[in-house]
Structure formats: structure tokens, C-alpha cells
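What the coordinates show
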Amino acid sequence: SVNHQRRYSAPIVSNGFRRNDTIPANRFPSPVAGYLKHIHMKIQLLSDTHGSPYTLHPEADVIAHAGDFGNGLAAMRQFQAACNEAGKPHVFVLGNHDYYHENMSDVRLQLRDEPYLRAGKTVQINGRTFVGGTLFSNFRQHQVNAGQFEQNCNLAQVSVADFAYIFDYLPNSQNERRITPEDYV
């Protein structure tokens, strides 16, 4: 039997409660209250480690890295090795720095069978679905006029390091080129 007097924290937005409010279990039907009792998962979230040391928490059920392991894929591979050695399921997103000195298409191909979150891919761990993806700017495409949008792209091209260090293939070709702001629009 479910103790309806216990309180469960749930990310629910309804019935006057805000996200992350503690909601009395007796506000839920009995099957929902019973379900809430069994969905607990401890997730250690890492981000922007940029090659700095970190420690995997021994009580974490899952280790999630939200990107920027370092410059290139070496630090991401070290993260995977550390998680595997600790016996921890893991999931990750690549940040812009993780693509530095890499070819974006090649990276996606190399990681196709890894727990790598990107547009259109989910990862299942212990019955939970993880979603995510690398976010890049759209340079306010729909918020400014065409002239300002072009200026935004031109300014980004010369001042954002991503456009000097990240490569991809030309469409319908095996010839590489540096990425451009237009690739994100």
C-alpha cells in the first residue's frame, strides 16, 4: 500500500504547483503516487570541463556530460573510459569545443553507436529516455532585418573561433571546408 502522506518532488506544472515544488502525494491518484516512489535516479551532471580534472560520484546512477570536454574528441574518450572503468552508464552531448580540429560529419559517423545525444537521437538508460543536442546560434535570423542578419553572420565569421577551428564537408563532396554561420541557419 502507498503511504499517501509522504511527499514526493516531481517536475509537474499543473493544479497550481510550479516545477520542482514538493507536492503532497495525496494530491495524486494512488497509482501515480506509487509510480513517483520508484522513479528516483541520481544523475551527476558535468559540463564545460575543458580538460580539467573531475571526479565521478560513486552514488550516481548515470553520468551525463553536457559538452565541452576539451578541444577535440580526446577528452570525451577519456570521459567514456572513466565511466566504463567505474561501471557507470553515461550519456553526453558535444559542445562547440569538442568539434575543434575535427570534421563534424566524421565525428557524427564515429559516434553513431555511442551514447551521444544529438538531433534525432535519444539514449535509453535504465528505462529512462535521455534527449539533447549541441546548440549553435541562429544569429537572430527571425528577429532582425536581412541586412542586420548578414552583418551578424559576417561579424561571427571573423570573431567566433568555431568558424576557424571546426570543419565539415562541402555538400555532395569529400572536400573539407571550415564551417560558416550559414551552416546553423
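Residues numbered from 1 in each chain as written. Predicted model: local features only at pLDDT ≥ 70, side-chain atom pairs only at ≥ 80, totals over all residues. Heavy atoms only, no water.

1. So, the overall build of the protein
Of the regular secondary structure elements, the protein holds 5 helices and 10 strands. The burial tally for the protein puts 35% of its 185 residues in the buried class. Summarising the internal contacts of the protein: among those between residues at least 6 apart in sequence, 46% fall at separations of at least 24. As displayed, the protein has an accessible area near 11,400 Å², and 49% of this comes from carbon and sulfur atoms. (Helix = DSSP H or I, 4+ residues; strand = E, 2+ residues; numbered from the N terminus. Buried < 20%, exposed > 50% of the residue type's maximum accessible area, 1.4 Å probe, protein only. Contact = heavy atoms within 4.5 Å. Areas by Shrake-Rupley, 256 points an atom, 1.4 Å probe, with all protein chains shown as cover.)

2. Remarks on helix 4 (residues 146–159)
Its 14 residues give helix 4 an end-to-end C-alpha distance of 20 Å, which sits within 8% of 20 Å, the value for a rise of 1.5 Å per residue. Buried within helix 4 are the following residues: F149, C153 and A156. For helix 4, the arc enclosing every buried residue in end-on projection is 65 degrees, short of the 170-degree limit, so these residues lie on one face. Of the exposed residues in helix 4, those oriented more than 90 degrees away from the buried face are Q151, L155 and V158. The opening residue of helix 4, the one whose side-chain oxygen lies 3.1 Å from the backbone nitrogen of G147, is N145. (Expected span 1.5 Å × (residues − 1). Arc of directions from axis to C-beta. Polar contact = N/O pair within 3.5 Å; in protein donor to acceptor, adjacent residues only side chain to side chain.)

3. Things to note about the sheet that holds strand 10 (residues 176–178)
Sheet architecture is open: 3 strands sit in the order 6-9-10, paired in mixed fashion. Two strands in the sheet have a free side with no partner beyond their single neighbour: strand 6 (102–103) and strand 10. Judged from the 2 bridges that link them, strand 6 and strand 9 (residues 166–169) form a sheet pairing that is parallel. Bridge assignment links E102 to a residue of strand 9, and that residue is I166. (Pairing = 2+ DSSP bridges.)

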